[in-house]
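Structure assessment
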Amino acid sequence: TRHDLGREQFQERVWQWKDHYADSIRDQFRALGCSFDWTRERFTMDAGYVDAVLEFFIRLFDEGKIYRGWRVINWCPRCQSAISDIEVENIERQDPLYYLRYPLQDGSGDIVVATVRPETILGDVAVAVNPNDDRYTRYVGKVAILPLIGRELRIVADDMVDKEFGTGAVKITPAHDFADFEVAERHNLDRPIALSPDGRVTSVGGPYRGQTVLEARESVLHDLQAGGYLVKTENHQHVVPTCERCHTVLEPLLSEQWFMDMSDLAGPAIDVVKNGSVRFVPERWSKVYLDWMENIRPWTLSRQLWWGHRIPIYYCENGHATAAKSAPQACRICGSPIVRQDEDVLDTWFSSALWPFATLGLPERTDDLERFYPTSFMNTSSQILYLWIARMIMTGLKFMHDVPFPVVLINPTIQTAEGRRMSKSLGTGADPLLLVEQFGADALRFGLITAGSTHQQDIRFLPERFEEMRNFTNKLWNVARAVLRYQEVNEPKQELRLSTADRWILSRLAVTTDRVTSDMERFELSAPGNRLYEFVWSEFADWYLEAAKVRFFDTSSSSAGSYASRAVLWSVLERVCRLLHPYMPFVTEEIWQHLRTTGSDAARKLSGWDGPMPESVMVAPWPDAGEPDVEAEREMQLVMDIIRATRTARSEYGKAPGAWISASIVAGPQRSLLRGSFDVISNLARLRPLAVYEVIEEKPKQAVSLLVGDVTVYIPLQELTDLDAERKRIEKELQGTEKALESLKAKLLNASFVAKAPDAVVERERARAAELAERARRLQERLELLSE
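Residue positions are counted from 1 within each chain, in the order its sequence is given. Given that the model is predicted, a residue must reach a pLDDT of at least 70 before its local features are reported, and side-chain atom pairs must reach 80 or more before they are shown or counted; all residues, however, enter totals for whole chains, interfaces and linings. Hydrogen atoms and water are omitted, and side-chain values are computed over all heavy atoms in the structure.

1. Digging into the overall build of the protein
By definition, any uninterrupted DSSP run of H or I lasting at least four residues is a helix, any uninterrupted run of E lasting at least two residues is a strand, and each is numbered from the N terminus. Scanning the protein for helices and strands turns up 26 helices and 25 strands. The globule rule puts the C-alpha radius of gyration for 788 residues at 28 Å, and the 38 Å found for the protein is more than 25% above it. Judged by the C-alpha coordinates and their principal axes, the protein covers about 110 × 85 × 50 Å. Here the protein holds 788 residues, and the buried ones make up 49% of them. In the protein, the proportion of contacts linking residues at least 24 apart, taken out of those at least 6 apart, comes to 74%. Each accessible area is a Shrake-Rupley result for a 1.4 Å probe, and residues are judged covered by the shown protein chains and nothing else. Carbon together with sulfur atoms contributes 49% to the accessible area of the protein, which is approximately 38,900 Å² in total. In this setup the radius of gyration rests on C-alpha atoms only. A globule is expected at 2.2 Å times the number of residues raised to 0.38. Type-normalised accessible area, obtained with a 1.4 Å probe on protein chains alone, sets the label of each residue: buried when under 20%, exposed when over 50%, and partly exposed for intermediate values. The criterion used for residue contact is that any of the two residues' heavy atoms lie within 4.5 Å.

Here's what the structure looks like:
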């Protein structure tokens, strides 16, 4: 135990532990690609930081904001320490709810209370009822007698009481319940301590003195039942607070501790949220913050531990307390010698509350403090909204007279695939280093950030998501290899003649950049990632890169066209790297380094580079969106629709995707619009020869006609299938479809079926009949086409 080691050796051991795990944490951050300035790493036990903690404790003590007093706190009998709210792990479980009869002193009857902790009746001082509960109006002011002990209990009326819980009457144990302590304060009740810090009954418990909590519970229940005071027992679902460190059930305990008065600090911190100086994203957290702040209680600062910032309070032989950074020569109150320092340490969140300015040098007025306070925004978890965020806002306003950050982004909590809390103790955690090894850091980051909206409360951890993003990372890398392969060294300058496809992809990039930027500015970080995923995979890789290849491999294509495509490919990829870098830092940096040494003047001009590019994409400026090209998007959409329609027809007839087939296009007034894209249509739709007409006098016979807007594509049937075999197949399929349709129509004409079957079943059959009728019509059309 720590007591076996002694305080000094224990602290040495903890420093060793800290150094070991700090290295692990750094390794994880670096593996995940966190772009910190490592020269500014801080730890709250650093010498300079310790000085700041002492400084601000002393200031608050001298102002009377920090004081020693008695209040109910969370106490761990095993750790023998007060426990902060963040260290409380609330476990939901079912326990017996005991109904106990307390006789009235005047002999007029009794009053029944309910409790899940019968051993705490030893500390009861009163019974409380709701003032609006007519059942108990006549009881208020009377006195009940505590069974087994014989203590007199006042019956008081208090709004704290929930009329719906148990009988509507509750026992008041001020030393062992937070709400009961407040009731005792309001009604001037005694606060006897029935359970000691080591979890045993004190002398207040009379004959049960010295028993553990569990022993006392068993003894008290036995004696209550024997005395006829146990009315009944029923199951009750409730939350039990346990220690996060050791999982021991915590005891609310009246204890003398160091407290910090929060009332004066809370007011300004409430105002800055109400007036918008600090805003929460999502906005709903503002209400959660304000609800807590407006009902804030004194903060328990002291911990009965040996690791942490030791409370800088020194006592003289007369018991006077002096706050100082080191032991003073004599007591500042009476002048007598100092004999000891307070044994307790500060709650870790006290030092953390000073983080926004203590890390920058305060109490010294440093250049860093002037430059970096307040910071741009705070990103954190909802679990520490009160413990850290609220306290940083309060101390920032107190000591810096300004908010520490204008925006607080509350990110979603990552849960397991089953929706459980991630926890080492539960075995539901995930090792980031193993995940990086399995999927890659870029895929892990991208998968987490885009798994759901940043404004959600929870996100499920789904491994298949990271597999998908690993595939995307590979896709991006392969696209980059292709783009770089097409770049030419020392390419001579030419006039930049952009095709429809060139203008289209630049327009799509402009629209994507604008939406990504807009989403990021409102801290919706998942949507931009998904937009970039779709742009890179579906538009840049699947469409534009394939269209550009036509120019590179088509000998009839002009060198000017190839020059433009190379420039556009380089420029789009370069800007994609800048847009994706926050999500995927490693692969984008690697690609960008290759791009820095390539690219024509035209390519760099398209990207907005007039001079040298920075050494890292990390410090490159965010790309400007530019203006969309509506006309190019309309033209290219028609090209893509023609290609998609042709591919669909191939699929329907079972024609191999790579096989060349002849076709003709009747474009009407769109012919001039498509003129520059016929080579793209021909190569991507695998149409050769491809004839293009403005109008034709007669529709080709035995040809599939595909209507795409105002354009019609004709593909001879013999190009797609064996006509005789296809005719026989369709006749057979049509016969089966018509037979099924007739059977279904007969069923629906049966009045008995329609009357007795559930409405949902009838509607389903009608929908199926409509589908069969449509299928038969289409088969008949195809059969007629084959018979022309």
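Moving on, there is more to tell.
2. Considerations on the packing of helix α14 (residues 463-486) against helix α16 (residues 526-553)
Where α14 contacts α16, the axes come no closer than 11 Å and their chain directions differ by 30°. One finds that α14 runs roughly parallel with respect to α16. Taken as a pair, α14 and α16 cross one another with a handedness that is left-handed. For the pair formed by α14 and α16, the contact residues are Arg 465, Glu 468, Met 469, Asn 471, Phe 472, Lys 475, Leu 476, Val 479, Ala 482, Val 483 and Tyr 486 on the first element and Asn 530, Leu 532, Tyr 533, Val 536, Trp 537, Phe 540, Ala 541, Asp 542, Leu 545, Lys 549, Phe 552 and Phe 553 on the second. Broken down by class, the residue content of the contact of α14 with α16 amounts to 16 nonpolar, two polar and five charged. Between N-to-C directions, angles cover 0 to 180 degrees, with each direction set by a line fitted to C-alpha atoms, over the stretch in contact for helices. In this scheme, roughly parallel covers angles under 35 degrees and roughly antiparallel covers those over 145, while 65 to 115 is roughly perpendicular and the rest are oblique. The hand of a helix crossing depends on one turn: near helix anticlockwise from the far one by less than a right angle means left-handed, and clockwise means right-handed. Residues were grouped as follows: Ala, Val, Leu, Ile, Met, Phe, Trp, Tyr, Cys and Pro as nonpolar; Asp, Glu, Lys and Arg as charged; and all remaining residues, including Gly, as polar.

3. Quick word on the nonpolar core
Within this scheme, the nonpolar core is defined by two criteria: the residues are buried Ala, Val, Leu, Ile, Met, Phe, Trp, Tyr or Cys, and they are joined through side-chain atoms within 4.5 Å. Core analysis: the biggest nonpolar cluster contains 97 residues, and Phe 540 and Leu 674 have the highest contact counts within it. For this core, the element with the highest residue contribution is α16, accounting for 13 residues. Beyond its immediate stretch of four places on either side in the chain, Leu 674 contacts Leu 638, Val 639, Ile 642, Ala 667, Ile 681 and Val 711.

4. Some words on the pairing of strand β5 (residues 126-129)
Every second residue of β5 is oriented toward a common face, with Ala 126 and Ala 128 on one face and Val 127 and Val 129 on the other, all of them buried. At least two DSSP bridges between two strands are needed for those strands to be called paired. Judged from the four bridges that link them, β5 and strand β7 (residues 152-157) form a sheet pairing that is parallel. From the neighbouring strand, Ala 126 faces β7, where its bridge partner is Arg 154. Taken together, the four bridges between β5 and strand β8 (residues 169-172) define a ladder with antiparallel strand orientation. Its bridge partner lying in β8, Ala 126 is registered against Ile 172.

5. Some remarks on the pattern of salt bridges
Salt bridges are defined as contacts in which a side-chain nitrogen from Lys or Arg sits within 4 Å of a carboxyl oxygen from Asp or Glu. Going through the model one piece at a time under the given rule, you end up with 54 salt bridges. For Asp 601, the salt bridge goes to Lys 493, with nearest N and O atoms at 3.5 Å. With Asp 601 in helix α19 (residues 601-607) and Lys 493 in the loop between α14 and α15 (500-521), this residue pair connects regions lying 108 residues apart in the sequence. A salt bridge links Asp 629 to Arg 503; the shortest N-O distance between them is 3.0 Å. Taken together, the residues span a long stretch of sequence, with Asp 629 in the loop between α19 and α20 (630-653) and Arg 503 in helix α15 at a distance of 126 residues.

6. Things to note about α20
Given the number of residues in a helix, its expected span is that number minus one, multiplied by 1.5 Å. In this model α20 runs 35 Å from its N-terminal to its C-terminal C-alpha over 24 residues, within 8% of the 34 Å that 1.5 Å per residue would give. Gly 654, located one to two residues past α20, shows a positive phi value of around 75°.

7. As for unusual backbone geometry
Between Val 281 and the following residue, Pro 282, the backbone shows a cis peptide bond with an omega angle of -5°. Structurally, the position occupied by Pro 282 is in the loop between β11 (279-281) and α7 (284-293). For the peptide bond that leads from Leu 362 to Pro 363, omega is 20°, which places it in the cis range. The backbone of Asn 188 sits at a positive phi, close to 55°, despite the residue not being glycine. The topology assignment puts Asn 188 in the loop between α4 (178-187) and α5 (213-226). Even without being glycine, Arg 686 reaches a positive phi, approximately 60°.

8. Focus on the packing of helix α12 (residues 432-439) against helix α13 (residues 441-449)
Relative to each other, α12 and α13 sit at 110°, their axes nearing to 7 Å. Classified by the angle between their axes, α12 and α13 sit roughly perpendicular to one another. For the pair formed by α12 and α13, the contact residues are Pro 432, Leu 435, Val 436 and Phe 439 on the first element and Ala 441, Ala 443 and Leu 444 on the second. Of the residues that constitute the contact of α12 with α13, the class distribution is seven nonpolar, no polar and no charged.

9. Re the sheet that holds strand β22 (residues 661-666)
The four strands are arranged β23-β22-β25-β24 in an open sheet whose pairing can be described as mixed. Either end of the sheet is taken by a strand with one partner, and the two such strands are β23 (687-693) and β24 (703-708). Mean inter-strand twist for the sheet, computed between neighbouring axes without regard to direction, equals 20°. Both β22 and strand β25 (residues 711-716) contribute to a ladder of three bridges, which runs antiparallel. If you follow Ile 665 over to β25, its bridge partner there is Val 713. Contacting β22, β23, β24 and β25, α20 runs over the sheet at an angle of about 145° to β24.

10. Some thoughts on the state of the cysteines
When the sulfur atoms of two cysteines come within 2.5 Å, that pair is taken as a disulfide. Inspection of every chain in the model, using the stated rule, returns zero disulfides. Counting only cysteine sulfurs, Cys 316 is the nearest neighbor of Cys 334, a cysteine outside any disulfide, at a range of 3.7 Å. Judged by relative accessible area, which is 36%, Cys 334 ranks as partly exposed. Free cysteine Cys 577: the closest other cysteine sulfur is in Cys 34, separated by 20 Å. Residue Cys 577 is classed as buried on the basis of its relative accessible area of 0%.

11. So, the side chain of Thr 242
Relative to the elements of secondary structure, Thr 242 occurs in strand β9 (residues 230-243). Residue class for Thr 242 comes out buried when judged on its relative accessible area of 7%. Side-chain polar atoms of Thr 242 contact the backbone oxygen of Glu 89, separated by 2.7 Å. Among all residues touching Thr 242, those that are not within four sequence positions of it are Glu 87, Val 88, Glu 89, Ile 91, His 247, Thr 248, Val 249 and Leu 250. Distance and chemistry together define a polar contact, namely a pair of N or O atoms within 3.5 Å, with one atom able to donate a hydrogen and the other to accept it when in protein, and with adjacent residues in sequence counting only for side-chain atoms on both sides.

12. Brief notes about the sheet that holds strand β10 (residues 251-260)
The strand order across the open sheet built from four strands is β2-β1-β10-β12, with neighbouring strands paired in antiparallel fashion. Both outer strands of the open sheet, β2 (81-82) and β12 (299-300), are each paired with one neighbouring strand and no more. In this sheet, β10 lies alongside strand β1 (residues 66-76) in antiparallel orientation, the contact comprising 10 bridges. The residue bridging Ile 66 from the neighbouring strand is Met 260, located in β10.

Any link to function would need more than the numbers given here.
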